[in-house]
Structure formats: structure tokens, C-alpha cells
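Close look at the chain arrangement
Take a look at the letters that make up each chain.
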Amino acid sequence: MQNINLLSPLLSSRIAAGEVIERPESVLREFLDNAIDAAATEIEISIEGGGVDSICVSDNGGGISREDLEIIASRHATSKIKEDGDLYRIRTLGFRGEALYSIASVSGLTIRSMDGSTGKTNSITIDNGVRGTITQSSPIKGTTVCASNLFAEIPARRSFLKRAQTEAQLCRNLVISKALAYPEIGFKLYSDGALKLSYERTSSLKERIMMLYRPSGIQDADVLHLKGNGENYRLDIVCTSSAMHRSDRKEIRIYVNGRAVDEYSLVQAVAYGYGELLPGGSFPYACVFINDDPELVDFNIHPAKREVKLRNHAEIHHAITLLLQNGVPRRIPEIKAVQNELSLDIPTKSQPAFNNASGKLWTGSARHVSSPGAAFVTNPVRRPEDSSWIEKAKELKRIRTEAAGSTESCPEEKSGCDGLEFRYIGQAFNLFLIAEKDGELYFIDQHAAHERIIYDELLGQTTVQKLLVPIQLEVEKDVDEFLSTYSYIYTKLGIMIARTGPERWEITALPAVARQIESQVVDFISNNTGDEKELESGIFAVIACRAAIKAGDEIDRYSAEELVRKVFGLKEPACPHGRTFLIRLGEKDLREMVGRTK
């Protein structure tokens, strides 16, 4: 049987330090937090050997008195909180009094600071837990803090660090992250004596973020600054238009009260906000700054304060999504002739989906004009392998029938009808429908276009079918809890769902168009939670995608024309998954490609 031993203060402090100080980046984070809390307007950082050899941060903040230096870096010594209630009203980046104590346990920590009351500069060194005496040093403004030889006396910890270049890059990323949230502070970073980063002070949040975006090729016209307010919070979102996107979420940054946090659900809120504006699998550049009531925020749940709990989380989540949905405009790709080559151009200025000859936004219904000379598909129609073709054909027939009623009241020979004319040319590669309108050619992805039309119609449908045999499903605990409170959301969508036991549910009715894809509907319900709008969009996107005409399906001319007519009636040419299905080619650009000028 092992004897129980009391750990020495030094050993226990080093164990505790492991929760807060993982690498040089952790040290730098704590130094920067203290400098920002000291109301600095200029911060200079210098690292050597990736921060392992040394990290120094100098600021022009308020400084530290000699009396405070006597107890600084002692365990739980902090100027940020004094009583229990302060822990629930945190307005500073640091507050627990653990950081400097932990750093001093695993490195040589030196603090030099000007005492504002005496004008004298004092210095103290704490070397791996051994505290030195306070001495006077050469005058400086503010405070300089240095940590040297990190983990020198803990070789096992040092062995887990990465190469100096990698550690230096992590430090650089941290400085950028801090600088984005505080445009009123100037930041400079030196690595091994070379200036690596310089962000000048600015009064504009967007301008500070552009200091990061411009080197990546993002122009000012591609970036928006959206603002919103709630009962207890304020939102600032600096983000790119739909013209700029990337294949991962790494540039979706979330800040709560000036602190960068890892909050995946709020990252999802940004993705939901863009929704249809971006192609599937693409994500925007976005910095979301949430200024929330400190009494509704809890950072005291992670040693490094990278996580947060928000008591008004659902409200903020929904507000982010709506702010982006209402604030980010659609961009329509256009093929341009550039040096005798065709290139895909996405305009940087907001524009309507379709324009008439006068340049005014057209909001009426389109009508087609058939031409004897129009080219169209004449290949014999073969029976597609897709067994659901009959249902899809019926859907297109229904679209055509509906359209027939509207065209009867607006015959082609009648002038002054509300709408614009287009000429359907034909189908290419059993995928693209080609139409001419206002001197431009439009190439339409038939699957994505039909998917969007079905999706819009589903949003207004009320027809449901009761199932003879209910569909049984088992869900995880979090989904079970969600459905117990919010099952009414699915009921409003035409999906009748009832709880039959712990984590067990059954579906008793579905929308008529979803009868062929029950398994996909069950999979969606079993794996998704969220607000009403997100669930509505998600489930209908699943249904629309499965029911739509597929790439490779050949469709008759009249059905194609009505599909094109429906497309020109849409406000936004994007499928429910966000993929843009419309590209245009202007006559001028096409003429330039073949060397013909008027």
C-alpha cells in the first residue's frame, strides 16, 4: 500500500502551471492580457528562439506600484477581483491571479515597471519559484515583463514543444488574434530581432481587420461591417461578401467581450447566416465581436479561458444568423473575356439577380418567347436509370401547368405585360439549360435550379400524409431533450413526431413529397438541433435535393422553358445548399473572344 505524501509547494505549483502554461504562446497570451487590462495604447513584443529562450512584452500602461511588486506573482494575487460577486462581473481579460504565478514556476520571470505615484522604476525577478528582491532600474514608461528559459528545469515538458519556427508562428497568430479585437492599441512583434508584424492604431474595427485581410488579396469592397443590438448585448460582424470564401472554418473568429473563444455553435451561426450565399463546403472570412453583459458571461470554465458560457446564448446565436442573412448581398458569377480567355468574374458590388434593359430591378414574372430558329435538344429521349423519374416529370408537368394559367392572361402579342422576355435555346450536356435574355446568355444548372424551386414551394405547403405504419427512431440524449421541448417545430413543417419513451420517438405523418425519402428525414431529425429557421431550411433542403431533376436527365422543351421561367422569377439564384446555379455570358465578351466588334 502506497503512503500518502504532501507535495512540496514548488512541485504543486509546477503541476498547476501545466494547466495554464502549455507553451510559449500561453505565456504570451497572459502577458498581452495584462498589458491590455493596464489600458496600454502601444504594445511591443519580442521573442527569441520561438519564445522558448525569451518572451518580452512592453506596454505604456499604468504601471505597477512597489507595494504591488511585493506580492505580484504570488498564488492567487490579482487586482481584478476582490470578492465572490466580482467573479460574475468580469470586465477584464485576466482575473484569477494564476498566470504570473504559473509562469514564475516554470521560467525566469522579470518584471520592470514604473510606479506612477513616485515616478521610479522598480524591478523584480522570480526564477523558477525563487523570489528575488526589488531593485530600482533605469526609467521606462509602463511595464516590461520577460520570461526566459521556459521549462528549462522541466525537460520532459520542453521536449513536447515544437520547432522554434512553429512556436514563433503560434505566437504570431496569437498577436494577430489579440490585435483584431483592440484596434485602438498598436502592436509590434519582433522575432529574433526582426520585425514580423506591425499593426498601427486605428479607430476603425474594419480597418484593423483589413490589415489582416489585405495581404491575403481581399479588397476593401469585399468586406462588410454589420452591426446589431439586443437587450443586453451588441454585435459587430466584419465579414466578406459571398465573392470571397474558403474551404474551412479557420477564418471564422468569435470574440466575447474582447476575448477570442472556441465556440463552435456560434461558428455554426455564421455558417447558417451565409447559408445559400456560398457554395456547399465553403465558409466565409468573418470576425464576430460580441459585447455582452458581464453578468451573463462565464469564462471561469477553462484553465486557459478559451471557452465561455453565455446565458443568452440562444438569443445571440439567432441574432448572428439574422444579421448575416439580412446584411450580406448576393453576387452573380459572370463570364468575362480577359486577354482572349474566358474567366469567371464575381462582381464586388451588390447587384440585383436580374436586370431589364433600363438597369432597373425587375420583380415581375418572366415569360418566354419561342423562336422558330431557336436551337433545342433533338436527341431521342432515353429512359433514365433513376427510378423516381416519373415523380420528377410530374413535378415539371405541374410547373408547366401552373405557368400555362399565368401566360394565358398575358399573351405574347400583348404589349405592356408585367415581366421580361427570354428565349430558351436548349439543353447542354444533359445538365445545363441555356437561355437568352437582355443580350446575355444564361447557363442554368437544371438540378440545382429545380431543387430551389421545390424548396420554395415546400416552404408554403400544407399537405401531409398520415403514415399507416409509424417510423420508429432512437436519438441521442441531447436530441431527445431538444425534441421534448421543440418538437412543435417539425409539426409546423408537416412532420408529426411524438415521444414513445426515453430517447425513443416515432414519426406518424410526413409531407407528401417526403414519402420517398423517409430514411433521409429520419437521419436529419436524429442528428440535428437548432432554431426554427435553421431546422426548416435544413429539412427542406434535404427533401428538395432528393426530389429534384438530376444531372444527366433529359427534359422536354416545354418543361425546360417553364423551369427557366421559374428561375427568372427567383430573388436569389442559389440552391438550398448555397450553390449558385446561374452563370451569365455577355454578348460583348463573346464577341471579343472571336475578335468581332460592332
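Residues numbered from 1 in each chain as written. Predicted model: local features only at pLDDT ≥ 70, side-chain atom pairs only at ≥ 80, totals over all residues. Heavy atoms only, no water.

Description of the overall build of the protein
What counts, and what does not: The numbering of helices and of strands both runs from the N terminus, where a helix is a DSSP run of H or I of at least 4 residues and a strand a run of E of at least 2. Summary of the burial criterion: residues with accessible area below 20% of their type's maximum are buried, those above 50% are exposed, and those between are partly exposed, where the area comes from a 1.4 Å probe applied to protein chains only. We get accessible surface area from the Shrake-Rupley algorithm with a probe of 1.4 Å; when it comes to residues, only the shown protein chains can shield them.
Secondary structure summary: the protein contains 16 helices and 26 strands in total. The 598 residues of the protein split such that 48% are buried. A total accessible area of about 29,700 Å² is found for the protein, and carbon and sulfur atoms account for 50% of it.

A few points about the environment of serine 117
As a reminder, the rule being used: Definition of a polar contact: a pair of N or O atoms within 3.5 Å, with one able to donate and the other able to accept a hydrogen when the atoms are protein atoms, and with sequence-neighbouring residues admitted only if both atoms are side-chain atoms.
The residue serine 117 is located in the loop between β3 (108-114) and β4 (121-127) in this model. Considering only alpha carbons, one finds serine 117 and isoleucine 64, 53 residues apart in sequence, at a separation of 9.5 Å. Within polar-contact distance, the side chain of serine 117 engages the side chain of aspartate 115 at 2.7 Å.

Description of the pairing of strand β12 (residues 252-256)
Moving residue by residue along a regular strand, the side chains alternate between the two faces of the sheet. Quick note on the threshold: DSSP-based pairing: two strands are paired if at least 2 bridges between them are found.
Burial analysis of β12 places five of its five residues in the buried class, which makes it a mostly covered element. One ladder, built from five bridges, connects β12 with strand β14 (residues 286-292); its direction is parallel. By the bridge assignment for β14, isoleucine 254 is matched with valine 288. Relative to strand β13 (residues 259-260), β12 runs antiparallel, the two sharing two bridges. Paired with valine 256 across the two strands is arginine 259, which belongs to β13. Hairpin connection, β12 to β13: the antiparallel pair is bridged by two residues, and asparagine 257 has positive phi, about 50°.

Some thoughts on helix α2 (residues 24-37)
Keep this limit in mind: By this rule, a helix spans an expected 1.5 Å times one less than how many residues it contains.
Counted at 1.5 Å a residue, the expected span for α2 with its 14 residues is 20 Å, and the 20 Å between its end C-alpha atoms agrees. Summarising burial for α2: 11 of the 14 residues are buried, a large majority. Listed in full, the buried residues belonging to α2 are Pro24, Ser26, Val27, Leu28, Arg29, Glu30, Phe31, Leu32, Asp33, Ala35 and Ile36. Positive phi appears at alanine 39, one or two residues downstream of α2, with a value of about 65°.

Overview of unusual backbone geometry
Look at alanine 39: it is not a glycine, yet its phi comes out positive at around 65°. Tracing the chain through its elements places alanine 39 in the loop between α2 and β1 (42-48). Given a relative accessible area of 59%, alanine 39 falls into the exposed group. For phenylalanine 151, which is not glycine, the phi torsion reads 60° and is therefore positive. Note that phenylalanine 151 resides in the loop between β7 (143-148) and α5 (155-159).

Examining a negative patch on the surface
Going by this rule: To count toward a patch, a residue needs a relative accessible area over 30% and no salt bridge; like charges are then connected within 9 Å, while nonpolar side chains (Val, Leu, Ile, Met, Phe, Trp, Tyr) are connected within 5 Å. Salt bridge, as used here, is a side-chain nitrogen of Lys or Arg placed within 4 Å of a carboxyl oxygen of Asp or Glu. Under the counting rule used here, the positive set is Lys and Arg, the negative set is Asp and Glu, and His together with the chain ends is not counted. For charged residues, the charge sits on one atom: NZ in Lys, CZ in Arg, CG in Asp, CD in Glu.
On the surface, Glu476, Asp478, Glu481 and Glu503 cluster together into a negatively charged patch. Along the chain, the position of glutamate 503 falls in the loop between β24 (496-501) and β25 (504-511). For glutamate 503, a relative accessible area of 33% corresponds to the partly exposed category.

Thoughts on the packing of aromatic side chains
The condition is simple: Whether two aromatic rings pair depends on their centres lying within 6.5 Å, for rings of Phe, Tyr and Trp, where Trp uses its six-membered ring; planes under 30 degrees apart make the pair stacked, over 60 edge-to-face, and the rest tilted. Only lysine NZ and arginine CZ atoms are considered, and such an atom sits over a ring when it is within 6 Å of the ring centre and within 35 degrees of the ring normal.
Applying the stated criterion across every chain, the model contains six aromatic pairs. Ring centres 5.3 Å apart and planes at 80° place the aromatic pair tyrosine 442 and phenylalanine 568 in the edge-to-face group. Of this pair, tyrosine 442 sits in strand β22 (residues 440-445) while phenylalanine 568 sits in helix α15 (residues 557-568), and the two are 126 residues apart along the sequence. For the pair tyrosine 442 and phenylalanine 568, a shared accessibility class is recorded, and that class is buried. Note on tyrosine 486 and tyrosine 488: the rings are 6.3 Å apart at their centroids and 50° apart in plane angle, and the pair reads as tilted. Across the ring face of phenylalanine 568, the terminal group of lysine 437 is positioned such that the distance to the ring centre comes to 5.1 Å.

Considerations on the state of the cysteines
Short version of the rule: Any two cysteine sulfur atoms within 2.5 Å of one another count as a disulfide.
Within this structure, the stated rule accounts for one disulfide. Of all cysteine sulfurs, the one in cysteine 287 lies closest to cysteine 239, which takes part in no disulfide; the gap is 9.3 Å. Judged by relative accessible area, which is 0%, cysteine 287 ranks as buried.

Quick word on the sheet that holds β12
We count it as follows: Whether two residues touch is decided by their heavy atoms; if any such pair falls within 4.5 Å, the residues are in contact. What counts as an axis is a line fitted to C-alpha atoms, over the stretch in contact for a helix, and the angles between N-to-C directions run from 0 to 180 degrees.
Spatially, β10-β11-β14-β12-β13 is the arrangement adopted by the five strands of the open sheet, whose pairing is mixed. Looking at strand neighbours, the two that pair on one side only are β10 (223-229) and β13, the edges of this open sheet. Note: β10 against strand β11 (residues 233-240), seven bridges, orientation antiparallel. The residue of β11 that forms the bridge with histidine 225 is valine 238. Those strands touched by helix α8 (residues 264-274) are β11, β12 and β14, and its axis lies near 125° from that of β12.

Focus: the confidence of the model for the protein
When pLDDT is low, close inspection of the predicted coordinates is not appropriate. The line we're drawing: Predictor confidence is given residue by residue as pLDDT, running from a minimum of 0 to a maximum of 100.
Of the residues in the protein, 73% reach a pLDDT of 70 or more, and the chain-wide mean stands at 78. Note that pLDDT drops below 50 for residues 346-390; the model gives that stretch 95 contacts with residues more than four away or on any other chain. Residue range residues 406-419 is modelled with pLDDT below 50. Its contacts to residues more than four positions away, or to other chains, number 16 contacts.

Brief notes about the sheet that holds strand β23 (residues 464-474)
Strand pairing in a sheet takes place through backbone hydrogen bonds and is either antiparallel or parallel in direction. In space, the three strands of this open sheet follow the order β23-β25-β24, with antiparallel pairing throughout. Each edge of the sheet is formed by a strand with only one pairing partner; in this case those strands are β23 and β24. When strand polarity is set aside, the average angle formed by the axes of neighbouring strands in this sheet is 20°. Note: β24 against β25, five bridges, orientation antiparallel. Note that in β25 the partner of arginine 499 across the bridge is tryptophan 505. Strand contacts of helix α12 (residues 477-492): β24 and β25, with the helix running at about 155° to β24, the strand carrying the most contacts. The strands touched by helix α13 (residues 518-527) within the sheet are β23, β24 and β25, with β23 carrying the most contacts at an inclination of about 50°.

Here's the deal with the side chain of glutamate 30
Locating glutamate 30 in the fold gives a position in helix α2. Here the side chain of glutamate 30 touches arginine 29 through a polar contact of 3.2 Å, side chain to side chain.

A word on the side chain of aspartate 236
With respect to the element layout, aspartate 236 can be found in strand β11. Looking at aspartate 236, its side chain comes within polar contact range of the side chain of histidine 225, at 2.8 Å. Ignoring any residue separated from it by four or fewer positions in sequence, one finds aspartate 236 in contact with Leu205, His225, Leu226, Lys227, Cys287, Val288 and Phe289.

Examining the pattern of salt bridges
Using the criterion set out here, one finds 14 salt bridges in the structure. The closest approach of N and O atoms between aspartate 33 and lysine 178, which form a salt bridge, is 2.5 Å. One end of the pair, aspartate 33, is in helix α2; the other, lysine 178, is in helix α6 (residues 164-181), and 145 residues separate them in sequence. Judged by its relative accessible area of 7%, lysine 178 falls in the buried class. Where arginine 214 meets glutamate 207, a salt bridge forms, and the shortest distance between an N and an O atom there is 3.0 Å.

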